[in-house]
Amino acid sequence: MTESSMRKRIYLSPPYLDGREREFLLQAFDSNWITTLGPHVDAFENEICAMTGMKYAAALSSGTAALHLALIMLGVSAGDEVICSDLTFAASANSIVYIGASPIFIDSDRATWNMDPTLLAEELLEREKSGSLPKAAIIVDLYGQCAEYGPILEMCARYSLPVIEDAAEALGATYQGKAAGNFGVMGIFSFNGNKIITTSGGGMLVSNDPEYIRRAKFLSTQARDPAPHYQHSQIGYNYRLSNLLAAVGRGQLARLPEKISRRKEIKSTYKNALGEIQGIEFMPEAGYGEPNHWLTVILIDPGLFGADRESVRLALEAENIESRPVWKPMHMQPVFKECRKKGGGVAEEIFEKGLCLPSGSSLGAGDQERIIGIIKKIGRS
Ligand SMILES: Cc1ncc(COP(=O)(O)O)c(C=O)c1O
């Protein structure tokens, strides 16, 4: 066994239970409320509303489930098209395909890595001319940074396109002082294990329209009609979050400010140590808001740095440290290769050069120093 393989593995963004999760979980357990109804589900929804400033919320089994229900409630159906950020995790686009609709991928803006508002405008103008406007838009807040909602929402409003904000990665981020989750007719969050807070698996749909949330709760519990027997007039889903998991989520959410500031600190330690090195650039911070610093992401220019992204990843892996390439753009995914796209070159370049570094709230100073040392050693300088 080598020394590095004996060392504890450092993960990219592992769950970190540092609050009252155990207490809340045992409360739920001891009260026998362990299913999809219960006081922790209600409290978790209320606390997410208080945190985001949104009026209503439905706790669901995943962020993907939230996206799926949002599209259904907007009336998207088979054969429709939906605008979607190109640089994202596949779940954003999968939800569109579940319905039999097709995504149209819009490239990133180099200044934010989020959807490029100019390309969105071009696409919508072209589609208006051809008389085939898409039905809705899923706008992603990438790696904890909100998209540029000013021009994006103006454009979508001009063409009456309802927006779903995919804030799966962005809980706690802001755009012009408003919290992520506020920018569409509905917003979604993920509490998957790698996110800034986790319920092990889970998600949340938020909206200021009570009707969307009422329907989401109905559809996510198998769409039971009000009757003493089991009667269904619509297709439903088993998408509600359990009271046990909501209890974990409450413990996590209460520590969100600490988690954000710890991740910010981790990012600035990376920046201080690596920011001046030729060939290393950090994901830009757009300045129109505050990200939640979910992951620290760098771009590596092999010509300037002296090693490419994959060599850096493998050097870290050899020391039992997990890092990950940036999301592979959706237009490059075999499963979406037939889908329409606008641009794509920016997302491709970010994918080719981009590496997500270990950023979990529990990352120790010594471990981070080791990561920095490995990266420095492999570069030219
Ligand atoms: C941008 C984005 N959208 C959607 C999802 C889906 O969330 P979940 O894993 O909770 O289904 C994720 C993360 O997993 C994500 O990163």
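If you're wondering where the values come from, they're calculated on a predicted model, not measured in any experiment. (Residues numbered from 1 in each chain as written. Predicted model: local features only at pLDDT ≥ 70, side-chain atom pairs only at ≥ 80, totals over all residues. Heavy atoms only, no water.)

### Here's the deal with unusual backbone geometry
Argument step 1. One non-glycine residue, Ser 200, lies in the positive phi region at around 85°.
Argument step 2. Residue placement: Ser 200 occurs in the loop between strand S8 (186–190) and strand S9 (203–207).
Argument step 3. Given a relative accessible area of 53%, Ser 200 falls into the exposed group. (Helix = DSSP H or I, 4+ residues; strand = E, 2+ residues; numbered from the N terminus. Buried < 20%, exposed > 50% of the residue type's maximum accessible area, 1.4 Å probe, protein only.)

### Quick look at the packing of aromatic side chains
Argument step 1. Under the counting rule described, the total for this entry stands at 10 aromatic pairs.
Argument step 2. Measuring from ring centre to ring centre gives 5.1 Å for Phe 44 and Phe 191, while their planes differ by 50°; the resulting arrangement is tilted. Taken as a pair, Phe 44 in helix H3 (residues 39–52) and Phe 191 in the loop between S8 and S9 lie far apart in primary sequence, 147 residues in all.
Argument step 3. For Phe 44, a relative accessible area of 0% puts it in the buried group.
Argument step 4. When the centroid spacing of 6.0 Å and the interplanar angle of 10° are considered together, the rings of Tyr 143 and Trp 327 count as stacked. (Phe/Tyr/Trp six-rings, centres within 6.5 Å; stacked < 30°, edge-to-face > 60°.)

### Side note on helix H7 (residues 149–158)
Argument step 1. Within H7 the residues assigned to the buried category are Tyr 149, Ile 152, Met 155 and Cys 156. All buried residues of H7 project into a common sector of 140° when viewed along the axis, lining one side. Pointing more than 90 degrees away from the buried face of H7 are the exposed residues Ala 157 and Arg 158.
Argument step 2. Ser 160 sits one or two positions beyond H7 and adopts a positive phi of about 50°. (Arc of directions from axis to C-beta.)

### Details of the environment of Lys 342
Argument step 1. With respect to the helices, strands and loops of the structure, Lys 342 is situated in strand S13 (residues 340–342).
Argument step 2. Note: C-alpha distance between Lys 342 and His 293 (49 residues apart in sequence) is 28 Å.
Argument step 3. Beyond its immediate stretch of four places on either side in the chain, Lys 342 contacts Phe 105, Ile 106, Asp 107, Leu 119, Glu 122, Glu 123 and Glu 126.
Argument step 4. A distance of 2.6 Å separates the side chain of Lys 342 from the side chain of Glu 126, its partner in a polar contact. (Contact = heavy atoms within 4.5 Å. Polar contact = N/O pair within 3.5 Å; in protein donor to acceptor, adjacent residues only side chain to side chain.)

### Remarks on the nonpolar core
Argument step 1. By size, the foremost hydrophobic cluster in this structure holds 61 residues, and its most contacted members are Phe 44, Ile 48, Ile 83, Leu 120, Tyr 143, Leu 171 and Met 204.
Argument step 2. Sequence-distant contacts of Ile 83, defined by excluding residues within four places in its chain, comprise Ile 104, Ile 106, Met 115, Leu 120, Glu 123, Leu 124, Pro 134, Ala 136, Ala 137, Ile 138 and Leu 161.
Argument step 3. Counting residues in each nonpolar core, the second largest holds 35 residues, with Ile 96, Ile 99, Tyr 237 and Tyr 239 among its members. (Core = buried A, V, L, I, M, F, W, Y, C linked by side-chain atoms within 4.5 Å.)

### Quick notes on the sheet that holds strand S1 (residues 56–60)
Argument step 1. Within the open sheet, the eight strands sit side by side as S1-S9-S8-S5-S4-S2-S3-S13. Their pairing is mixed. In the strand order of this sheet, the two ends are held by S1 and S13, each with one partner. Neighbour to neighbour, the strand axes of the sheet diverge by 20° on average, direction disregarded.
Argument step 2. Strand contacts of helix H8 (residues 210–219): S1, S8 and S9, with the helix running at about 20° to S1, the strand carrying the most contacts. (Pairing = 2+ DSSP bridges. Axes fitted to C-alpha atoms, helices over the stretch in contact; angles between N-to-C directions.)

### A look at the pattern of salt bridges
Argument step 1. Under the defined criterion, the tally for this structure stands at 26 salt bridges.
Argument step 2. Between Glu 45 and Arg 240 there is a salt bridge; the shortest N-O distance is 2.7 Å. Here Arg 240 lies in the loop between H8 and helix H9 (243–253) and Glu 45 lies in helix H3, a separation of 195 residues in the sequence.
Argument step 3. Beyond isolated ion pairs, a larger network of salt bridges with shared partners links Glu 81, Glu 123, Glu 126, Arg 127, Arg 340 and Lys 342. (Salt bridge = Lys/Arg side-chain N within 4 Å of Asp/Glu carboxyl O.)

### So, the environment of Ser 242
Argument step 1. Its location among the elements puts Ser 242 in the loop between H8 and H9.
Argument step 2. Under the relative-accessibility criterion, Ser 242 is labelled buried at 18%.
Argument step 3. Along the primary structure Ser 242 and Ser 268 are separated by 26 residues, whereas in three dimensions their C-alpha atoms are 37 Å apart.
Argument step 4. What Ser 242 contacts, discounting residues up to four positions off in sequence, is Ile 34, Thr 35, Thr 36 and Val 41.

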